[in-house]
Amino acid sequence: MKRSVNAVLSLFVSAALLCIGATADATTAVLLSREDLVRRSATIARVSVGQSTTTESDDGKSIVTRTQLKVTQPLKGGEANGGGKVIVLEQIGGTYNGKTQRLVGDARLSPGEDAIVFLRPGDKGRWHLTALALSVYHVDTKGMARRDLEGLQLVRRSGGALVPVHGPADEIEPVESLMTDVVRIAGGK
């Protein structure tokens, strides 16, 4: 009898957790300082976003979107050296063969968009965002940079605990100031 009660209780707890996860529409992420983001990124560059292709991952377990990024101004890392180089960003998610997969809190990029991206290397010469939407600054036509953190529930480390970040985590700033700061942090001029 005790075993069946435990099984029913486990089933109830599992169902409750699934319901919570199904209704939640955010991914929890630790808010990184700019210094941490620069340090964790192998390559940082200002890019022009090209075309995207959605397909299965190499192992067939997920849907991925691969986006061409044309480097217009390298800021850190040998892979982005030289304007005009095209690198391929791979992100989990997209629609392929009638199935849709989405990673809430990941950055969304549009063809033709101007952006600053923080990247880490992946397999087969592809690249991944260092920290989801925290890794992309969208640059508008007035030269102002801003991150779109929709879908991220940000937390900050405080002692041994994670505490929610309240209020805006990011402000808009001139892209030139952002790039100068990134180069300085990366050890450039």
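What you are looking at is a predicted structure, and each value in this text was computed from that prediction instead of being measured. (Residues numbered from 1 in each chain as written. Predicted model: local features only at pLDDT ≥ 70, side-chain atom pairs only at ≥ 80, totals over all residues. Heavy atoms only, no water.)

**Some words on the pattern of salt bridges**
Here is step 1 of the chain: One pass over the structure, following the stated rule, counts 11 salt bridges.
Here is step 2 of the chain: Across the pair Arg34 and Glu173 runs a salt bridge whose closest N-O atoms are separated by 2.4 Å. With a gap of 139 residues between them, Arg34 in helix 2 (residues 34-40) and Glu173 in strand 13 (residues 173-174) connect regions that are remote in the sequence. Accessibility assignment for this pair places Arg34 and Glu173 in one class, buried.
Here is step 3 of the chain: A salt bridge links Glu90 to Arg126, with the shortest nitrogen-to-oxygen separation between them at 3.4 Å. On the criterion of sequence distance, the pair formed by Glu90 in strand 4 (residues 86-92) and Arg126 in strand 8 (residues 126-129) is long-range, its members being 36 residues apart. Side by side, Glu90 and Arg126 carry an identical accessibility label, which is buried.
Here is step 4 of the chain: Among the ionic contacts, a cluster of salt bridges with common partners joins Asp58, Arg66, Glu90, Lys124 and Arg126. (Salt bridge = Lys/Arg side-chain N within 4 Å of Asp/Glu carboxyl O. Helix = DSSP H or I, 4+ residues; strand = E, 2+ residues; numbered from the N terminus. Buried < 20%, exposed > 50% of the residue type's maximum accessible area, 1.4 Å probe, protein only.)

**Focus on the packing of aromatic side chains**
Here is step 1 of the chain: Scanning the model with the defined rule gives one aromatic pair in all.
Here is step 2 of the chain: With a centroid separation of 6.0 Å and 50 degrees between ring planes, the pair formed by Phe118 and Tyr137 is classed as tilted. With Phe118 in strand 7 (residues 114-121) and Tyr137 in strand 9 (residues 136-139), this residue pair connects regions lying 19 residues apart in the sequence.
Here is step 3 of the chain: Judged by its relative accessible area of 0%, Phe118 falls in the buried class. (Phe/Tyr/Trp six-rings, centres within 6.5 Å; stacked < 30°, edge-to-face > 60°.)

**Quick word on the environment of His166**
Here is step 1 of the chain: Relative to the helices and strands, His166 is located in the loop between strand 12 (161-164) and strand 13.
Here is step 2 of the chain: Sequence separation between His166 and Leu154 is 12 residues, and the spatial gap between their C-alpha atoms is 8.3 Å.

**Looking at the pairing of strand 8**
Regular strands show a simple pattern: their side chains alternate between the two faces of the sheet.
Here is step 1 of the chain: A two-sided burial pattern is seen for strand 8, the buried positions comprising Arg126 and His128 on one face and Trp127 and Leu129 on the other.
Here is step 2 of the chain: Pairing of strand 4 with strand 8, which is carried by two bridges, proceeds in the parallel orientation. Across the sheet, the residue bridging to Leu89 is Trp127, located in strand 8.
Here is step 3 of the chain: Here strand 7 pairs with strand 8 via three bridges, running antiparallel. Across the sheet, the residue bridging to Arg120 is His128, located in strand 8.
Here is step 4 of the chain: In textbook terms, the turn of a hairpin is the stretch between consecutive antiparallel strands, and for strand 7 and strand 8 this stretch comprises four residues, one of which, Lys124, has a positive phi near 55 degrees. (Pairing = 2+ DSSP bridges.)

That's the geometry; what it means functionally is another story.
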